[in-house]
Protein chains: 2
Amino acid sequence: MSENEQKEQPRRRQARGERRIAQLLEAAANVFCTTGYTAASTNAIAREAGVSPGTLYQFFPNKEAIAIELGERLMHEMRETYGEALAPVDPATPLEEAVGAAVDRFIAFNCDHPVFFALMHGPDLPGRITEEHDALHATLLARVEDLLGSLLPDASPADLTRTAQVCLSVHKAGLELVLAHEGAERDAYVRELKDVLIRYLEPLVGDRLGRPAAVTTTRSA
Amino acid sequence: MSENEQKEQPRRRQARGERRIAQLLEAAANVFCTTGYTAASTNAIAREAGVSPGTLYQFFPNKEAIAIELGERLMHEMRETYGEALAPVDPATPLEEAVGAAVDRFIAFNCDHPVFFALMHGPDLPGRITEEHDALHATLLARVEDLLGSLLPDASPADLTRTAQVCLSVHKAGLELVLAHEGAERDAYVRELKDVLIRYLEPLVGDRLGRPAAVTTTRSA
DNA sequence: GACAAACACGAGCGGTCGCTCGCATTCTGG
DNA sequence: CCAGAATGCGAGCGACCGCTCGTGTTTGTC
């Protein structure tokens, strides 16, 4: 085990190969979307892409690598398109606006790439994808915690984490509802999701005028 | 195909058989809980129960039947234990109390039977279990709609349905969070879940004194 | 045009899974 | 006590899945 570096020596790809890869990833997205990761068979992905199983394995070492590459491309696109959606929020923006904007961006991305939800929240994913999801979750959690922390300087870290977790979970639930509907109904669910979050957070932050955030229930019992 | 009634002619079961069935169902619950339905192998269930695969198939015609029987027993127990948790609510009870009681009961049941969540919300379930879930969901939806309808006589049916859907989705998300924690942290998440629901609903129902339910956002755009 | 590398194919290998079947053992009614 | 039903076993069948491999085709380079 001295220097058998089998480091990925990126094979010389022809344009044809890159096209095939994109084609295969798109096919994989479709199949993952409709059947989930585990139930999706590599043969089915190859068939969907109109190629043979052998061709698929010309470009991906195994099934997991397909999901990983897909996940990484989605992550990259998300950071590129909406990367600054998670940027520190100007504390001057009203809560409604901040929540509304964040929700809108995430909803839009997930509507454009429904496979993202399947890959991130699927139940039987390979370890590597779970890591990606956990990393994203941790990032979002930290962002929300920071935002909440700047609004609730007196809250304990544990309370902050919990509140942020609740926000993300509620968001995920709402996203699921939104994706399950279309057109006007979908828009209505987006409104509801925003309302849930805003009404949950509003009593905590008051209207940020120094009012001691009238909570009706005891925290950290 | 005139009268080949292969109707389940319930085989004469001995006490031993009933014991085996219970044993197998408990083993199945464990395996389903940890690996999910699809990934659970019948051989693994048999091994967990300490019997041979053949013995398992002495009592269940196939893998799906195990999940179905398990689901039906859970449903039955739920209706028996908490059946009246869904009973029409006395309109005099304050919202907080009604929500709190309903949440507490569902949380308690799901904590006692974690396999219930796995079977109801798993992603790759057989058709029959999906039917059970849908039936339960429809029942709960109707209950919540009724309750909301009595509090919001002016809301359109579509709005009622949507609001009820949001309540159930939020509840599911909260349940997931609660099940992921233990002890004091778990209790804290229960509190949060109740707060989310109460704060979401409170502006809609006002405090039921004829106040026109000051909503801050437009509904049915 | 020649040569190698990249690309494409699809039969099929090894493995797992749901499930079966023949046979042994235990229980139960008469 | 014994015939037959119920229970129990576990090797293994057929199907499918992830993946490989030998072979043939296309593409880039000189």
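Reading the values: the criteria
Residues numbered from 1 in each chain as written. Chains lettered and ligands numbered in written order. Predicted model: local features only at pLDDT ≥ 70, side-chain atom pairs only at ≥ 80, totals over all residues. Heavy atoms only, no water. Helix = DSSP H or I, 4+ residues; strand = E, 2+ residues; numbered from the N terminus. Buried < 20%, exposed > 50% of the residue type's maximum accessible area, 1.4 Å probe, protein only. Contact = heavy atoms within 4.5 Å. Near = heavy atom within 4 Å. Polar contact = N/O pair within 3.5 Å; in protein donor to acceptor, adjacent residues only side chain to side chain. Nonpolar A, V, L, I, M, F, W, Y, C, P; charged D, E, K, R; others polar. Phe/Tyr/Trp six-rings, centres within 6.5 Å; stacked < 30°, edge-to-face > 60°. Lys NZ or Arg CZ within 6 Å of the ring centre and 35° of its normal. pLDDT = per-residue confidence, 0-100. Axes fitted to C-alpha atoms, helices over the stretch in contact; angles between N-to-C directions. Parallel < 35°, antiparallel > 145°, perpendicular 65-115°, else oblique. Left-handed = near helix turned anticlockwise from the far one by under 90°. Buried area = accessible area lost by both parts, 1.4 Å probe. Salt bridge = Lys/Arg side-chain N within 4 Å of Asp/Glu carboxyl O.

Identification of chain A as TetR family transcriptional regulator from Streptomyces cylindrosporus is taken from an unreviewed UniProt entry.

J.: What is the right way to read the overall build of chain A from this model?
T.: Assigned secondary structure in chain A consists of nine helices and zero strands. In chain A, the order of α-helices and β-strands from amino to carboxyl end is α-α-α-α-α-α-α-α-α. Buried residues in chain A amount to 43% of all 221 residues. Long-range pairs, those at least 24 residues apart, make up 65% of the contacts in chain A between residues at least 6 apart in sequence.

J.: In this structure, what is going on with the protein's contact with DNA strand C? I would like to understand it.
T.: Neighbouring DNA strand C are 25 residues, the closest being Arg20(A), Gly54(A), Thr55(A), Thr42(B) and Lys63(B). Counted by atom, the contact set of DNA strand C within 4 Å of the protein is 72% sugar and phosphate. The contact in question runs from a phosphate oxygen of DNA strand C to an N or O atom on the backbone of Ser52(A), over 3.0 Å. The contact in question runs from a base nitrogen of DNA strand C to an N or O atom on the side chain of Gln58(A), over 3.2 Å. Looking at the surface near DNA strand C, the elements with two or more residues in it are helix H1 (15-35) and helix H3 (53-59) of chain A together with helix H2 (42-49) and helix H3 (53-59) of chain B. In terms of residue count, H3(A) provides more of the surface near DNA strand C than any other element does, five residues in total. Partitioning the surface near DNA strand C into residue classes produces six nonpolar, eleven polar and eight charged.

J.: When you look at the packing of aromatic side chains in this model, what are you seeing that I'm missing?
T.: Both the distance between ring centres and the angle between the ring planes are used here to describe each pair of aromatic rings. Residues and elements named next belong to chain A. In the structure shown here, the tally under the stated rule is four aromatic pairs over all chains. Between the aromatic rings of phenylalanine 109 and phenylalanine 116, the centroid separation amounts to 5.3 Å while the plane-to-plane angle is 85°, which identifies the pairing as edge-to-face. When sorted by exposure, phenylalanine 109 lands in the same class as phenylalanine 116, which is buried. Positioned above the aromatic ring of tyrosine 37, the side-chain terminus of lysine 63 is 4.8 Å from the ring centre.

J.: Looking at this structure, I do not really get the confidence of the model for chain A. What am I missing?
T.: As a general rule, the predicted coordinates of low-pLDDT regions are not to be interpreted in detail. Residues and elements named next belong to chain A. Looking at chain A as a whole, its pLDDT mean stands at 88, while 85% of the residues score no less than 70. Long-range and interchain partners of residues 1-7, a stretch whose pLDDT sits below 50, account for zero contacts in this model, where long-range means more than four residues apart. Contacts for the low-pLDDT stretch residues 213-221, under 50 throughout, to residues beyond four places or in other chains number 17 contacts.

J.: Any chance you could explain the packing of helix H1 (residues 15-35) of chain B against H2(B) here in plain terms?
T.: Geometrically, a packed helix pair is captured by the angle between its two axes and the distance between the axes. Residues and elements named next belong to chain B. Viewed as axis vectors pointing N to C, H1 and H2 meet at an angle of 120°, and their least axial separation amounts to 8 Å. Compared by their axis directions, H1 and H2 come out oblique. H1 and H2 meet at a crossing whose hand is right-handed. Contacts between H1 and H2 involve Gln23, Leu24, Ala27, Ala28, Asn30, Val31 and Phe32 from the former and Ala44, Ile45, Glu48 and Ala49 from the latter. Considered class by class, the residues forming the contact of H1 with H2 number eight nonpolar, two polar and one charged.

J.: I tried to follow the interface of chain A and chain B on my own but got confused; where do I start?
T.: Think of interface size as the accessible area that goes away when the parts come together; that is how it is often given. Tallying the contact residues gives 27 residues for chain A and 27 residues for chain B. Counting each side, the surface lost to burial between chain A and chain B is near 2600 Å², with a carbon and sulfur contribution of 57%. The largest per-residue losses of area from chain A upon contact with chain B belong to Arg162(A), Glu192(A) and Arg199(A), which jointly make up 27% of the total buried on that side. Linking chain A with chain B are four salt bridges. One salt bridge connects Glu185(B) with Arg162(A), and the closest N-O pair in it is separated by 2.9 Å. At the junction of chain A and chain B, the tally comes to six residue pairs in polar contact (both at pLDDT 80 or more). For the side of chain A that touches chain B, the secondary-structure elements that each account for two or more residues are helix H8 (157-179) and helix H9 (183-205) of chain A. Its residues assigned to classes, the side of chain A that touches chain B comprises eleven nonpolar, six polar and ten charged.

J.: What exactly am I supposed to notice about the protein's contact with DNA strand D here?
T.: In the region of DNA strand D, 23 residues are neighbours, and Thr42(A), Tyr57(A), Lys63(A), Thr55(B) and Gln58(B) sit closest. Among all atoms of DNA strand D positioned within 4 Å of the protein, those belonging to sugar or phosphate total 72%. One of the backbone N or O atoms of Thr42(A) is found 2.8 Å from a phosphate oxygen in DNA strand D. Between a phosphate oxygen of DNA strand D and a side-chain N or O atom of Arg20(B), the distance comes to 2.8 Å. Counting residues per element, the surface near DNA strand D draws most heavily on H3(B), at four residues.

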